[in-house]
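# Structural description and commentary
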Amino acid sequence: MRVLVIGSGAREHALVLALRRDPSVTAVVAAPGNPGIGQYAELRAVDPCSAEAVVALATEVAADLVVIGPEVPLVLGIADALRAADFPVFGPSADAARIEGSKAFAKDVMAAAGVRTAHSEVVDNPAELDAALDRFGPTWVVKDDGLAAGKGVVVTADRRAARDHGAELLEQGHPVLLESFLDGPEVSLFCLVDGETVVPLLPAQDHKRVGDGDSGPNTGGMGAYTPLPWLPAETLTEIVDDVVKPVAAELVRRGSGFSGLLYAGLAIGANGPAVVEFNCRFGDPETQAVLALLDSPFAELLHATATGRLAEVEPPRWKDGAAITVVLAAENYPARPRTGDVITGAEDAGDGDTLVLHAGTAQRADKTLVSAGGRVLNVVGVGADLAEARERAYARLAQIKLPGSHFRTDIGATEVVVPERV
């Protein structure tokens, strides 16, 4: 199988490594990829948001499977163009990708499917913002209704901060989604979805805020770990049966059947799981930890999903133990990050216990590795348990040098308390 992977971040680096472990995969091409991915795949400088360019590349490399990593190409319909050219694609149509591309659409789908989620209201007129804010609180959740790479959300007890964020979004021409605050720890559950067939992967927990102890502004994600020892097996079953399957069925009913990775972000509160958001692709950075424990042929799972045969393949098998991902971010991230700084010590150790995945890197003409984004590297640690995985990840991280960089020291270390059911 020749596989084309679309994207350029650490998520795509993890996807490429998992695909290379599948014995059925003979070649991987990544577009545009990054220097880390380039060690394992042929790189092509193609715009991932250009349907014409992506279809031309898939044709040139005779791809047997195309895997689309980021959400923007999916929302723009790149999967549709590839399917029209008869390529098997892992990734939903533009119509189905609205589950992430429009939070208002996702709320409508959840309401029709009877899925618990936060009460919400869309504001598209600045004159209506103050009155709408009065209907929420004392903790305000203010979101960009469209795609915002995880950074369009403000959760605050400060009404002025909530109003400022809402006003800024509206000034930019973006509708604002106000939500009631959901209590309880959050869970990221990835599910392979082929119409109404739903196959869950390992649950993970992301750490969105930039600082230790969940302090500071939201980011695209500063780290994640899996599995979740505090999440009861029956709650996981409940999420699949009462959340993901009804949403998948509702999308089919609307003629927008989902094919690819449906990501449910949930809060586990006193009333049970409630959806915070849906995404239409593998999450970043949770994927980096989850795939480190995968023990099944990855390409087989993705190809079966892409060709409508997911129900025919064996469920995923998982290695024992735990995995965590820690993000090394550039100075000033998540604001305007500093770029162009030299990175040292990021070579792949090849020990099987740690991985260094490239998120925002570039190479100079002399092959020197430099930073080229806000989230620069992801360090993955795998161990017999979460403590060992953390120890290995942070020990490897200590060997990497990037001026002004920062990372959270508490990924996977928080004592999680699940509220008792009422």
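A brief structural summary. Note that the structure is predicted; figures quoted are calculated from it, not measured. (Residues numbered from 1 in each chain as written. Predicted model: local features only at pLDDT ≥ 70, side-chain atom pairs only at ≥ 80, totals over all residues. Heavy atoms only, no water.)

## So, the sheet that holds strand 5 (residues 89–90)
Inclusion rule: DSSP-based pairing: two strands are paired if at least 2 bridges between them are found. Numbered from the N terminus, helices here are DSSP runs of H or I no shorter than four residues, and strands are runs of E no shorter than two. Between two residues, a contact is recorded if the distance between any of their heavy atoms is within 4.5 Å. Inter-axis angles, ranging from 0 to 180 degrees, are taken between N-to-C directions of lines fitted to C-alpha atoms, where helices are fitted over the stretch in contact.
With parallel pairing, five strands are arranged side by side in an open sheet as 3-2-1-4-5. The sheet terminates laterally at strand 3 (42–43) and strand 5, the two strands that pair on one side only. As paired strands, strand 1 (residues 2–7) and strand 2 (residues 27–32) are joined by six bridges and run parallel to one another. Looking at strand 2, one finds that Arg2 is bridged to Ala27. The strands that helix 1 (residues 10–20) touches are strand 1, strand 2 and strand 4 (65–68); relative to strand 1, the one it contacts most, it runs at about 170°.

## Points about helix 5 (residues 94–101)
Applied cut-off: Exposure is judged per residue with a 1.4 Å probe applied to protein chains only, and the accessible area is read against the type maximum: over 50% gives exposed, under 20% gives buried, and values in between give partly exposed. Each direction from the helix axis to a C-beta atom contributes to the arc, which is the arc of those directions.
Within helix 5, burial applies to Ala96, Ala97, Ile99 and Glu100. Buried residues of helix 5, viewed axially, fall in a sector of 115°; they line one side.

## A look at the packing of helix 1 against helix 11 (residues 298–306)
Put simply, the test is: Small angles under 35 degrees read as roughly parallel and large ones over 145 as roughly antiparallel, with 65 to 115 read as roughly perpendicular and the rest as oblique.
At their nearest, the axes of helix 1 and helix 11 sit 7 Å apart, and the two run at 105° to each other. Judged by the inter-axis angle, helix 1 sits roughly perpendicular to helix 11. Along its contact with helix 1, which presents Leu15, Ala18 and Leu19, the element helix 11 presents Phe298, Ala299 and Leu302.

## Section: the pattern of salt bridges
Selection criterion: Salt bridge, as used here: a side-chain nitrogen of Lys or Arg that lies within 4 Å of a carboxyl oxygen of Asp or Glu.
In the structure shown here, the tally under the stated rule is 25 salt bridges. With a closest N to O distance of 3.0 Å, Arg408 and Asp214 form a salt bridge. Taken together, the positions of Arg408 in the segment after helix 12 (386–397) and Asp214 in the loop between strand 13 (209–211) and strand 14 (215–218) put the pair 194 residues apart, joining distant regions of the chain. Arg408 gets classed as buried once you look at its relative accessible area, which sits at 1%. Arg375 is the salt-bridge partner of Asp284, the closest N and O atoms lying 3.7 Å from each other. Taken together, the positions of Asp284 in the loop between strand 17 (272–279) and helix 10 (286–290) and Arg375 in strand 22 (residues 375–383) put the pair 91 residues apart, joining distant regions of the chain. Taken as a pair, Asp284 and Arg375 share a single burial class, namely buried. Shared partners join several salt bridges into a network, and the residues in it are Asp108, Glu250, Arg253 and Arg254.

Keep in mind that these numbers describe shape and distance, not what the molecule does.
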